[in-house]
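Descriptive analysis of the structure
These are the residues of each chain, in order.
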Amino acid sequence: MPQRQLDLEIEDSTAALHKAWGKTLEGISTEVSKPTFETFFRASKPLSFESDTLTLATKTEFAKEWLEKRYAPLIAKHSAGILHPEMKIRIVLVKAAPDDQTRAKRAKRRVARGRTRGLFDSIPLNDKFTFSNFVVGTSNRFAHAGASAVAQNPGSSYNPLFIYGGVGLGKTHLMQSIGNQILETDPDSKVAYVPGETFTHHYVTAIRETSIDEFRNKYRSIDIWLVDDVQFIANKEKTEEEFFHTFEMLHQLGKQIVVCSDRAPKDLHLLDSRLQSRFESGLVADLKPPELETRAAILQRKALAEGVVIPEEILMYLASVVDSHVRALEGALVKLMAYSSLLSAPLTLKLATEVVGEYFAEKAADLSPQTITKSVCDRLKVDPAQVRSRKRQRNILLARQVAMYLIRELLGRSLAEIGEEFGGKDHATVSHAHRRIKELIKSDKEIKKLVRDLSTILRSGKF
Ligand code: ADP
Ligand code: MG
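Residues numbered from 1 in each chain as written. Chains lettered and ligands numbered in written order. Predicted model: local features only at pLDDT ≥ 70, side-chain atom pairs only at ≥ 80, totals over all residues. Heavy atoms only, no water.

1. Things to note about the overall build of the protein
If you tally the helices and strands in the protein, you get 20 helices and eight strands. Across the 463 residues in the protein, those meeting the buried criterion constitute 49%. For the protein, the share of sequence-separated contacts (at least 6 apart) that also reach a separation of at least 24 residues comes to 73%. Just so you have it, the protein exposes about 22,800 Å², and 53% of that area is on carbon and sulfur atoms. (Helix = DSSP H or I, 4+ residues; strand = E, 2+ residues; numbered from the N terminus. Buried < 20%, exposed > 50% of the residue type's maximum accessible area, 1.4 Å probe, protein only. Contact = heavy atoms within 4.5 Å. Areas by Shrake-Rupley, 256 points an atom, 1.4 Å probe, with all protein chains shown as cover.)

2. A word on the confidence of the model for the protein
Averaged over all residues, the pLDDT of the protein equals 84, while 86% of them reach at least 70. Averaged over each element, pLDDT in the protein is lowest for helix 4 (residues 100–120) (56) and highest for strand 7 (residues 256–261) (98). Within the model, the stretch residues 114–118 combines pLDDT values under 50 with six contacts to residues more than four positions away or in other chains. (pLDDT = per-residue confidence, 0-100.)

3. What to know about the pattern of salt bridges
Side-chain pairing between opposite charges can occur once the charged atoms of the two side chains come close. All chains considered together, the criterion is met by 12 salt bridges. The residue Lys266 makes a salt bridge to Asp267 at a minimum N-O spacing of 3.5 Å. Salt-bridge contacts for Arg379 lead to Asp453; the nearest nitrogen and oxygen are separated by 2.9 Å. With Arg379 in helix 15 (residues 369–380) and Asp453 in helix 20 (residues 445–459), this residue pair connects regions lying 74 residues apart in the sequence. We classify Arg379 as partly exposed; its relative accessible area is 34%. Judged by its relative accessible area of 17%, Asp453 falls in the buried class. Within the structure, one salt-bridge network assembled from shared partners comprises Arg379, Lys449 and Asp453. (Salt bridge = Lys/Arg side-chain N within 4 Å of Asp/Glu carboxyl O.)

4. Details of the nonpolar core
Counting residues in hydrophobic clusters, the biggest one holds 28 residues, and the most contacted among them are Ile372, Val376, Val402, Leu406, Phe422, Ile437 and Val451. Secondary structure elements with two or more residues in this core: helix 15, helix 17 (394–411), helix 18 (415–421), helix 19 (427–443) and helix 20. Considering every element that reaches this core, the biggest residue donor is helix 17, with nine residues. Setting aside residues no more than four positions away along its own chain, Val451 makes contact with Val402, Tyr405, Leu406, Ile437 and Ile441. (Core = buried A, V, L, I, M, F, W, Y, C linked by side-chain atoms within 4.5 Å.)

5. As for the site of ligand 1
Taken together, the neighbourhood of ligand 1 is formed by 19 residues, with Val135, Gly168, Lys171, Thr172 and His173 sitting nearest. Those elements that place two or more of their residues in the shell around ligand 1 are helix 6 (171–185), helix 11 (292–305) and helix 13 (326–342). Across the shell around ligand 1, the residue classes break down as seven nonpolar, seven polar and five charged. (Near = heavy atom within 4 Å. Nonpolar A, V, L, I, M, F, W, Y, C, P; charged D, E, K, R; others polar.)

6. Points about the pairing of strand 7
Burial within strand 7 is extensive, with six of its six residues counted as buried. Direction of pairing for strand 4 (residues 161–165) relative to strand 7: parallel, over a ladder of four bridges. Residue pairing across strands places Tyr164 opposite Ser261, the latter belonging to strand 7. Two strands pair when backbone bridges link them, and strand 6 (residues 224–227) and strand 7 are joined in this way by four bridges, in the parallel orientation. The residue of strand 7 that forms the bridge with Ile224 is Gln256. The parallel pair strand 6 and strand 7 is bridged by helix 9 (residues 237–252), and the resulting crossover is right-handed. (Pairing = 2+ DSSP bridges. Right-handed = clockwise from strand over helix to strand, strands pointing away.)

7. A closer look at unusual backbone geometry
In this chain, Asn159 is followed by Pro160 through a cis amide linkage whose omega measures 0°. Relative to the assigned elements, Pro160 resides in the loop between helix 5 (141–152) and strand 4. Backbone geometry places Thr210, a non-glycine residue, at a positive phi of 40°. Inspection of the secondary structure assignment puts Thr210 in the loop between helix 7 (196–208) and helix 8 (212–220). With a phi close to 70°, Asn235 is a non-glycine residue in the positive phi region. With respect to the helices and strands, Asn235 occurs in the loop between strand 6 and helix 9.

8. Some thoughts on the sheet that holds strand 5 (residues 191–193)
Taking strand neighbours across the sheet as the criterion, the five strands line up as 5-6-7-4-8 in an open arrangement whose pairing is parallel. Every interior strand has two partners, whereas the edge strands, strand 5 and strand 8 (283–287), have only one. The sheet shows a mean angle of 15° between the axes of neighbouring strands, taken without regard to direction. Contacts from helix 5 reach strand 4, strand 7 and strand 8, with the element oriented near 135° to strand 8. (Axes fitted to C-alpha atoms, helices over the stretch in contact; angles between N-to-C directions.)

9. What about the packing of helix 17 against helix 19?
Running from N to C, helix 17 and helix 19 point in directions that differ by 95°, and their axes come no closer than 8 Å. Overall, the two elements helix 17 and helix 19 adopt an arrangement that is roughly perpendicular. Here Leu398, Gln401, Val402, Met404, Tyr405, Arg408 and Glu409 of helix 17 lie close against helix 19, whose contacting residues are Val430, His432, Ala433, His434, Arg436, Ile437, Lys438 and Ile441. Partitioning the contact of helix 17 with helix 19 into residue classes produces eight nonpolar, three polar and four charged. (Parallel < 35°, antiparallel > 145°, perpendicular 65-115°, else oblique.)

10. Some remarks on the pairing of strand 8
With burial as the criterion, only one face of strand 8 is covered, namely that bearing Leu283, Ala285 and Leu287; the residues Val284 and Asp286 on the opposite face remain uncovered. Alignment of strand 4 against strand 8, held across five bridges, turns out to be parallel. Paired with Tyr164 across the strands is Asp286, a residue of strand 8.

11. A word on the environment of Gly22
Positionally, Gly22 belongs in helix 1 (residues 14–29). A sequence separation of 20 residues divides Gly22 from Arg42, and the C-alpha atoms of the two residues are 9.5 Å apart.

12. Looking at the packing of aromatic side chains
Applying the stated criterion across every chain, the model contains 12 aromatic pairs. A ring pair is formed by Phe199 and Phe215, whose centres lie 5.7 Å apart and whose planes are at 65°; its orientation type is edge-to-face. Separated by 16 residues along the polypeptide, Phe199 in helix 7 and Phe215 in helix 8 bring together distant segments of the chain. Of the residues examined, Phe215 reaches a relative accessible area of 6% and is grouped as buried. Ring geometry for Phe199 against Trp225: centres 6.0 Å apart, planes inclined by 55°, an arrangement best described as tilted. (Phe/Tyr/Trp six-rings, centres within 6.5 Å; stacked < 30°, edge-to-face > 60°.)

Okay, structure coming up:
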């Protein structure tokens, strides 16, 4: 189900939800016996408040039944003043075994996916990427709304839908949610999830095996075309051209196209400017890094999906120290849960501090000329191989010089060592690069910001 988040005073705030639930509990505790309170209420956790429905998680079927049958009105009564005057209460089992209906649906989807797979021998959709698992916040609200509109009315609302944003911000998650939801409603729909790299691979293979007609026929039969990481086709002349024709053909047939990229259409620097204007002709939505409350909510949801309830203060702690992308957030969480279960230690703030400290230290220990170069390249959107080459295009040169500068500053490598690292350049080249960036930091605000951001990220191990 597409998910709307309603106005809690503080937008999207798990904190607000927890606060409201805390107040509700206070009210309830005055009306039931202590054991009842502990067993059924204290053990339940608020999951979300969407529209007029408060969703609570319990761990046992027994508790779920009791809450539903006996206590829903009581919960509604005590939360009404805080959340919504006509509260509906929904209770979910956190680790519910799939019921028959879900099982049947899943089987159906698997068949549908199998068909899609047959179509392309390519990547099946991942079950876990659904709209209901996606936490909405200010940073992603627009992209989420676009994606969910497309999933409801494929081919007619926004076509194409172009989503872009940095690594780990949920592009693939949203894109696959669209595919999963469409298959749910219409298992016969031919959904093809094709990363840019895969498209390139299909195309190159088709050329080599002179099976271009077959290639085109396959693509022509797609109903929903999900193109992830489209940046991989950029600057490959023939691939871009074929992509453009595929796009035109499907678009004219009214088939839904969704494209994800790590950068905006104009920043793809496509050789074919028509393709850029096609990308911009539908809805273009970007994803920004999630703000604190959204990060906490994402963690909450991930933990609950594992059947673990993480105390509020630890969630907030994790969300505040891990402020880069969602994947890093998940990494820290997984590590914390693993520790806690391995050591059979309770999840305390102290444990969280230790584990997260170690998590960052491990990452910082990974700091090497390669990781530095990679971060610089990611940031400036250039290919690391080109940075090591002799190419002197503006962006490549800049990336090379910034990487050299940072390697010298952060790792204290010698000029000669750094030269080696970049395909055997001499030490004068490295020295020049270092000087140039040092000067640019003084004279050019953008460069200053770039270098400062990169070194903060690299130093803290949050890359
Ligand atoms: P991208 O494709 O933008 O690099 P992904 O879609 O692969 O990022 O997301 C990385 C991880 O973070 C995935 O496990 C995804 O489920 C999770 N994630 C990202 N954003 C959210 C969100 N808003 N809610 C829940 N999970 C999220
Ligand atoms: Mg992705």
